[in-house]
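Chains, contacts and geometry: an overview
One letter stands for each residue in the lines below.
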Amino acid sequence: MSDSNGSNAPPQPIECRAWVAYEPKKPLKLETVIVDPPQKGEVRVKICYMALCHTDAYTLGGLGKFSDRLHRSWVRLPHSPQSALLLPDSSVGLDLTRTLLSRRRGASQRVDPEGLFPSILGHEASGIVESVGEGVTSVKPGDHVIPCYQAFCDACKFCLSRKTNLCGSVRQWTGSGVMKNDSQSRFTVKETGKKIYHFMGTSTFAEYTVVHEVSCAKIREDADLESVCLLGCGVSTGLGAVWNTAKVESGATAAVFGLGTVGLACIEGLVHAGAKRIIGVDIDAKKFEAGMKWGCTECVNPMDHEGRPIQEVIVEMTDGGVDYSFECIGNVEVMRSALECCHKGWGESIIIGVAASGQMIQTRPFQLVTGRVWKGTAFGGFKSRVDVPKLVDRYMNKEIKLRDYITHQMQFEDLNKAFDLLHEGKCLRAVLKAMPEK
């Protein structure tokens with residue numbers, strides 16, 4: 001096996017543990033899997049730490065599992081005077097709100113486009129390169145890395161445009177749960193011989209995974225792997241939405257909808273940018289303490305303003321609206337509120353949350369004609385292999401938070417318990433130790 005000790009033997013299959021999602025709405029099952037050697041352009045990574053993100057819970061689709069834990073208050077959504085929807089107390093639960101919205105409108109319930117089963121979920125992690133395939137030059141065995149769902153090849157049409165951080169080099173295959181080289185999976189369940197799909201090109205709920213080289217960000221070896229695993233998704237997304245997508249300037253005003261990890265990272269980014277007023281918006285008042293700790297100047301609960309759309313409240317509070325707003329939930333009704341709370345003439349609203357497949361955003365065209373701008377962002381506009389190492393440097397220089405987002409430290413065996421905590425709204429990030437670093 002090619003390894004950090006200098007052996008030139010070709011990599012061999014590895015037997016390890018992985019959490020397999022066999023079907024939606026069911027707990028993951030801990031299985032022994034065979035992880036194939038990396039092929040051309042691929043990297044096999046030993047996962048040391050993995051974090052649980054709301055996207056993983058959304059894809060698993062455990063609606064029935066936590067529907068009875070929803071917040072028991074009813075509010076009327078803006079522009080929906082005929083109906084009231086039960087709003088949940090966690091951003092995972094808001095996916096149920098999206099489902100209810102879809103059913104209310106008579107739409108069929110659609111599955112998440114990345115939700116292939118059976119699969120190994122997970123996309124926020126850190127680890128160490130175990131072996132590399134043919135042609136891999138940017139990393140070698142022993143390197144510390146962060147697998148990134150957003151690739152960066154610096155050669156495709158998207159990368160060469162310098163206008164976006166999206167990359168088209170492997171998207172066709174990662175979206176189909178396979179690897180580019182042969183359109184096959186690298187995971188097989190030992191007991192049954194069944195092939196298992198990859199997820200988002202990362203599949204980090206395993207002790208070992210295989211990723212494309214273009215999705216593997218090499219980082220400095222003195223960085224704390226437990227903390228920097230968060231840079232694989234949520235924290236990077238929130239910071240980048242402020243710094244790269246909105247390019248918030250000093251003295252600006254802003255509203256952040258949803259005070260989970262991504263929302264708090266937006267707040268952190270706004271503080272660094274010098275925003276003078278930051279309004280946190282959430283239906284769970286228990287989150288206001290964290291919002292204020294991260295840097296909100298004030299927090300607003302839409303449920304305290306029954307009968308009034310929250311955008312009207314914010315416009316009144318800010319003498320015409322905020323300069324920037326950030327939607328960190330993935331609820332199309334909230335996306336409208338976030339846009340319409342922006343100031344006429346220059347306000348910008350950034351959509352970060354991913355809505356359910358088939359959902360549509362809407363507003364009066366006049367909102368845009370009069371100067372408001374609607375934007376979206378993926379991974380906060382960061383170019384993964386280039387920018388993630390820089391974010392690690394900023395963390396090491398104590399310029400950004402990471403450990404503060406970790407509310408639970410758990411073991412690999414506790415993943416289903418971590419899902420329960422997330423469903424109950426009791427954690428920001430649960431980080432699980434998968435494999436020892438040495």
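Keep in mind it's a predicted model, so treat the numbers as computed, not measured.

An order of S14-S13-S12-S15-S16-S17 is seen for the 6 strands of this open sheet, with the pairing classed as parallel. Two strands bound the open sheet, and with one partner strand each, they are strand S14 (298-300) and strand S17 (373-376). Averaged over all neighbouring strand pairs, the angle between strand axes comes to 20°, with direction disregarded. Examined bridge by bridge, strand S12 (residues 253-257) and strand S15 (residues 324-327) share 4 bridges and lie parallel to one another. Considered in S15, the bridge of Phe257 is made with Glu327. Across the sheet, helix H10 (residues 310-317) lies against S12, strand S13 (277-281) and S14, angled at about 160° from S13, the strand it touches most. This element, helix H11 (residues 332-340), spans S12, S15, strand S16 (348-351) and S17 of the sheet and lies at about 170° to S15.

Glancing now at the pattern of salt bridges. Under the counting rule described, the total for this entry stands at 27 salt bridges. Two residues, Glu226 and Arg403, come together in a salt bridge whose shortest N-O distance is 3.2 Å. Taken together, the residues Glu226 in helix H6 (residues 225-228) and Arg403 in the loop between helix H13 (384-396) and strand S18 (406-411) connect sequence positions 177 residues apart. Residue classification places Glu226 among the buried residues on the basis of a relative accessible area of 12%. Between Lys417 and Asp414 there is a salt bridge, with the nearest N and O atoms lying 3.8 Å from each other.

This paragraph deals with the sheet that holds strand S8 (residues 187-189). Two modes of strand pairing occur in sheets, parallel and antiparallel, and in both the strands are linked by backbone hydrogen bonds. Pairing within the open sheet is antiparallel, and its 4 strands lie in the order S1-S2-S8-S9. Each having just a single partner strand, strand S1 (14-20) and strand S9 (195-196) make up the two edges of the open sheet. As paired strands, S8 and S9 are joined by 2 bridges and run antiparallel to one another. Note that in S9 the partner of Phe187 across the bridge is Ile196.

Below, the discussion takes up the state of the cysteines. Counted under the stated rule, the structure contains 0 disulfides. Residue Cys153 stays outside any disulfide, its sulfur separated by 3.7 Å from that of Cys167, the closest cysteine. Between Cys266, a free cysteine, and Cys328, which holds the nearest cysteine sulfur, the sulfur-to-sulfur gap is 3.9 Å.

The next subject is the environment of Phe187. Tracing the backbone through its elements, the reader meets Phe187 in strand S8. Sequence spacing of Phe187 and Val210 is 23 residues, and the spatial spacing of their C-alpha atoms is 8.7 Å. For Phe187, the contacting residues outside a window of four places in its chain are Ile34, Val35, Ile120, Lys194, Lys195, Ile196, His198, Ser203, Tyr208, Thr209 and Val210.

This part covers the confidence of the model for the chain. Summarising the model, the chain shows a mean pLDDT of 88, and 86% of its residues fall at 70 or more. This model gives residues 62-113 a pLDDT under 50, and the stretch forms 114 contacts once residues within four places in sequence are excluded.

This part takes up H13. One turn of the α-helix equals 3.6 residues, which is why residues spaced by three or four share an orientation. Along its 13 residues, H13 runs 18 Å from first to last C-alpha, staying within 8% of the 18 Å computed at 1.5 Å per residue. Within H13, the full set of buried residues consists of Ser384, Asp387, Val388, Pro389, Leu391, Val392 and Tyr395. Structurally, H13 contributes buried residues whose contacts are with strand S7 (144-147), strand S11 (216-219), H6 and helix H7 (234-246).

Glancing now at the side chain of Ser325. With respect to the helices and strands, the residue Ser325 is situated in strand S15. At 2.8 Å, the side chain of Ser325 forms a polar contact with the side chain of Ser349.

Let us now look at unusual backbone geometry. Across the junction of Phe117 and Pro118, the peptide omega takes the value -5°, indicating a cis bond. For Pro118, the location among the structural elements is in the loop between helix H3 (94-104) and strand S6 (124-132). With a phi angle near 60°, Ser183 is a residue other than glycine that sits in the positive phi range. In this fold, Ser183 is placed in the loop between helix H5 (171-174) and S8.

Moving on, we get to helix H8 (residues 261-273). If you check H8, its first and last C-alpha atoms are 18 Å apart, about what 13 residues at 1.5 Å a residue would give, namely 18 Å. Buried residues of H8: Thr261, Val262, Gly263, Leu264, Ala265, Cys266, Ile267, Glu268, Gly269, Leu270 and Ala273, and no others. Elements in contact with the buried residues of H8: H7, S12, S13, helix H9 (288-294), S15 and strand S19 (429-433). Count one or two residues on from H8 and you reach Gly274, which has phi positive near 90°.

This part takes up the packing of H7 against H8. Remark: H7 packs on H8, axes separated minimally by 7 Å, with the N-to-C direction vectors making an angle of 40°. As the angle between them shows, H7 and H8 are arranged oblique. For the pair H7 and H8, the sense of crossing is right-handed. Touching Gly234, Val235, Thr237, Gly238, Leu239, Ala241, Val242 and Trp243 of H7 are Thr261, Val262, Ala265, Cys266, Glu268, Gly269, Leu270, His272 and Ala273, all from H8. Taken together, the residues that form the contact of H7 with H8 break down as 10 nonpolar, 6 polar and 1 charged.

Take the pairing of strand S3 (residues 42-51) next. Here S3 lies mainly inside the structure; 10 of its 10 residues are buried. In this structure, S3 lies alongside strand S10 (residues 208-212), joined through 5 bridges in antiparallel fashion. Bridging from a neighbouring strand, Val43 pairs with Val211 of S10. As defined by bridge partners, S3 adjoins S19 across 3 bridges and the pair is classed as antiparallel. Looking at S19, one finds that Met50 is bridged to Leu432.

What counts, and where the lines are drawn
- Residues numbered from 1 in each chain as written.
- Predicted model: local features only at pLDDT ≥ 70, side-chain atom pairs only at ≥ 80, totals over all residues.
- Heavy atoms only, no water.
- Pairing = 2+ DSSP bridges.
- Helix = DSSP H or I, 4+ residues; strand = E, 2+ residues; numbered from the N terminus.
- Axes fitted to C-alpha atoms, helices over the stretch in contact; angles between N-to-C directions.
- Contact = heavy atoms within 4.5 Å.
- Salt bridge = Lys/Arg side-chain N within 4 Å of Asp/Glu carboxyl O.
- Buried < 20%, exposed > 50% of the residue type's maximum accessible area, 1.4 Å probe, protein only.
- Disulfide = S-S within 2.5 Å.
- pLDDT = per-residue confidence, 0-100.
- Expected span 1.5 Å × (residues − 1).
- Polar contact = N/O pair within 3.5 Å; in protein donor to acceptor, adjacent residues only side chain to side chain.
- Parallel < 35°, antiparallel > 145°, perpendicular 65-115°, else oblique.
- Left-handed = near helix turned anticlockwise from the far one by under 90°.
- Nonpolar A, V, L, I, M, F, W, Y, C, P; charged D, E, K, R; others polar.

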